[in-house]
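# Residue-level structural notes
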Amino acid sequence: MITLYNTLSRKKEPLTPVHPDWVGLYTCGPTVYNFAHIGNLRTFIFEDILERTLRADGYAVRRVMNITDVGHLTGDADAGDDKLETAAAEQKKSVEDIARFYTDAFFDDLAKLNITMPDIVAPASEYVREQIALVQTLLEKEYAYDTPKAVYYDVSKFPSYGALSGQSLEEKMTGAREEVVVDSDKRNPADFALWFKLEGKFKKHLLHWPSPWGEGFPGWHIECSAIARHFLGQPFDIHAGGIDLVGTHHTNEIAQSEAAYDVPLARVWMHGEHLLLDGGKMAKSEGNSLTLAELASRGFHPLVYRYLVLGAHYRTRLNFTWESMEAARNGIERLYEAVNDLFEAAQAADADGGETAAKTPKRSLEHYKLEFHAALDDDLNTPQALAVLYEMLADGGNPKEKLALVKHYDAVLGLGLETAMADASLPVDNAEIAEKARIYAELRSNKQFIQSDALRKDIEGLGYAIRDFKSGSRIRKRFF
Ligand code: AMP
Ligand code: ZN
């Protein structure tokens, strides 16, 4: 049985799905005004592992992700401008073009990182009707009020406001009082907009829809409440996102959905910790963000980043450094190499009809399979799951069966290990490397190790890997 840490209860809980035969999973999607940075992508990798683990456990998963293409202001609450409209103005493009471009770029990033596409991807701008209906319900139940500039949610009407973050309503009120007052018609400073009207700073807002309160556009938080309920019902099982969403975005989602329908929005709330750079949260607004393209320009394959992320538990902060990327590259290279060795051993076993006796394993493959799932079922302990993989690889046993187990593991890890299950020896058509390899072998057979080591460095620098055996050396292109 899988156990997951629930931010709401502050403890690990066994998952008991609302519906016996499927798990509803909602993950907040990106705001598509720029390329996703690798901090954002860390959160999407965590959610991918969550989904893959649930599927490996035999659950049918219904996963929904929104795309924020309207209403997300730079201040996260009601301060600042709409992120998409600002990007559109800067790039002299339409808001729709900006959204389409960065949505496609985001999907490309997901594909490069082997992140499974959610079953349902819902752009906020296509679900405005559902959002309006929810705002209307909140007005009817008097959790919301209409003003000249916006329809606001009255946080003082929802006593458990802040339960997710542990911040009391009183603390939140005091905190909000110190912020810039955006609209003097707000009853409480912590109230937040459900619907913005084309008034004041939003007079010229490009995206707008008709509503019972005039032309306008939805606030950021209402989209997730409306889209989640539309596709998953309420309550559903798991709601996930990055840790920065706890205090405002998810707190407001809960306030909206639970006030409107008198049942919880989701049972389990899961949050991925931040990726840090130079000790601070990686963020576009802080100017310390990196994209996958920037990793690629430094020669790092996206799966090296996935491997780096899996090496840390999702609830720990991860400090990004180029040294740790280098270490991750060596780590995943060694992993591929071990899998490639296994592939060759399996082929050799095939060739001699299974004559070569495999080293007797210390533990059975069944044991390793259980250990692997136990690690993931313990709140997605990916570092432990990787440790089990390494232990299994180093142990004896039938290579073919081990290879099958690697494939089984990789259905969750998503490290593309099938690539290593093929002949990786150097193609003979690279004359330069072939010549170097010949000299390398000669130097070694003459025991000129200082020279052979220097040549090895040279060959490795060209992107090749050398391994020395009693029978001779083998060169292949590095996987990463
Ligand atoms: P956004 O595109 O800003 O709406 O964010 C998309 C996702 O990335 C959200 O789940 C955020 O919580 C998450 N996120 C933002 N910054 C970071 C970071 N530095 N590390 C990990 N996740 C982050
Ligand atoms: Zn959301």
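In short, a report on the structure. (Residues numbered from 1 in each chain as written. Chains lettered and ligands numbered in written order. Predicted model: local features only at pLDDT ≥ 70, side-chain atom pairs only at ≥ 80, totals over all residues. Heavy atoms only, no water.)

### So, the nonpolar core
Counting 142 residues, the largest nonpolar core has Ile38, Leu138, Tyr153, Ile238, Met270, Tyr305 and Phe320 as the members making the most contacts within it. Ranked by residue count, the leading element in this core is helix α10 (residues 322-351), at nine residues. Counting contributing residues, this core receives three or more from each of domain 1 (3-272) and domain 2 (335-420). Filtering out sequence-adjacent residues up to four positions away, Met270 remains in contact with Leu4, Tyr5, Thr7, Phe46, Leu50, Ile238, His239, Ala240, Gly241, Tyr314, Asp379 and Leu380. (Core = buried A, V, L, I, M, F, W, Y, C linked by side-chain atoms within 4.5 Å. Buried < 20%, exposed > 50% of the residue type's maximum accessible area, 1.4 Å probe, protein only. Helix = DSSP H or I, 4+ residues; strand = E, 2+ residues; numbered from the N terminus. Domains from an automatic or database assignment. Contact = heavy atoms within 4.5 Å.)

### What about the site of ligand 1?
Neighbouring ligand 1 are 16 residues, the closest being Gly39, Thr43, Asp244, Leu275 and Met282. Interatomic distance of 2.5 Å between a side-chain N/O atom of Asp244 and an oxygen atom of ligand 1. Within the backbone of Met282, one N or O atom sits 2.9 Å away from a nitrogen atom of ligand 1. Starting from 490 Å² of accessible surface for ligand 1 in isolation, the protein chains cover 94%. One can see that ligand 1 is located within the largest pocket. Counting residues per element, the ones that place at least two in the shell around ligand 1 are α1 (38-56) and β10 (236-242). Tallying contributions element by element places α1 first for the shell around ligand 1, with three residues. (Near = heavy atom within 4 Å. Polar contact = N/O pair within 3.5 Å; in protein donor to acceptor, adjacent residues only side chain to side chain. Areas by Shrake-Rupley, 256 points an atom, 1.4 Å probe, with all protein chains shown as cover. 1 Å grid on protein atoms, 1.4 Å probe; cavity = no way out; pocket = protein on both sides within 12 Å on 5 of 7 lines; lining within 4 Å. Sits in = over half its atoms within 2 Å of the grid points.)

### Observations regarding the packing of helix α11 (residues 365-377) against helix α12 (residues 382-394)
The geometry of α11 relative to α12 is characterised by a closest axis approach of 7 Å and an angle of 165 degrees between their N-to-C directions. In terms of orientation, α11 and α12 fall into the roughly antiparallel class. The chirality of how α11 crosses α12 is left-handed. Contact residues: α11 offers Leu365, Tyr368, Glu371, Phe372, Ala375 and Leu376, while α12 offers Thr382, Gln384, Ala385, Val388, Glu391 and Met392. Here the residues of the contact of α11 with α12 sort into eight nonpolar, two polar and two charged. (Axes fitted to C-alpha atoms, helices over the stretch in contact; angles between N-to-C directions. Parallel < 35°, antiparallel > 145°, perpendicular 65-115°, else oblique. Left-handed = near helix turned anticlockwise from the far one by under 90°. Nonpolar A, V, L, I, M, F, W, Y, C, P; charged D, E, K, R; others polar.)

### Topic: the packing of aromatic side chains
One pass over the full model with this rule turns up 20 aromatic pairs. Plain terms: the ring middles of Tyr127 and Phe231 are 5.6 Å apart, the flat faces sit at 70 degrees to each other, and that makes the pair edge-to-face. You can see Tyr127 sitting in the loop between β5 (120-123) and α4 (128-140) and its partner Phe231 sitting in helix α6 (residues 220-232), a full 104 residues away along the chain. Between the NZ or CZ atom of Arg298 and the centre of the ring of Trp322, over which it lies, the distance is 3.9 Å. (Phe/Tyr/Trp six-rings, centres within 6.5 Å; stacked < 30°, edge-to-face > 60°. Lys NZ or Arg CZ within 6 Å of the ring centre and 35° of its normal.)

### Structural notes on the sheet that holds β10
Taken in spatial order, the five strands line up as β5-β4-β3-β10-β11 in an open sheet, and their pairing is parallel. Of all strands in the sheet, those with a lone pairing partner are β5 and β11 (266-272), marking the two edges. On average, each strand axis in the sheet is tilted by 20 degrees relative to the strand beside it, whichever way the strands run. Sheet topology note: the strand β3 (residues 23-27)/β10 ladder contains three bridges and is parallel. Residue Thr27 lies in a different strand from β10, and its bridge partner there is Ala240. This element, α1, spans β3, β4 (61-67), β10 and β11 of the sheet and lies at about 155 degrees to β10. (Pairing = 2+ DSSP bridges.)

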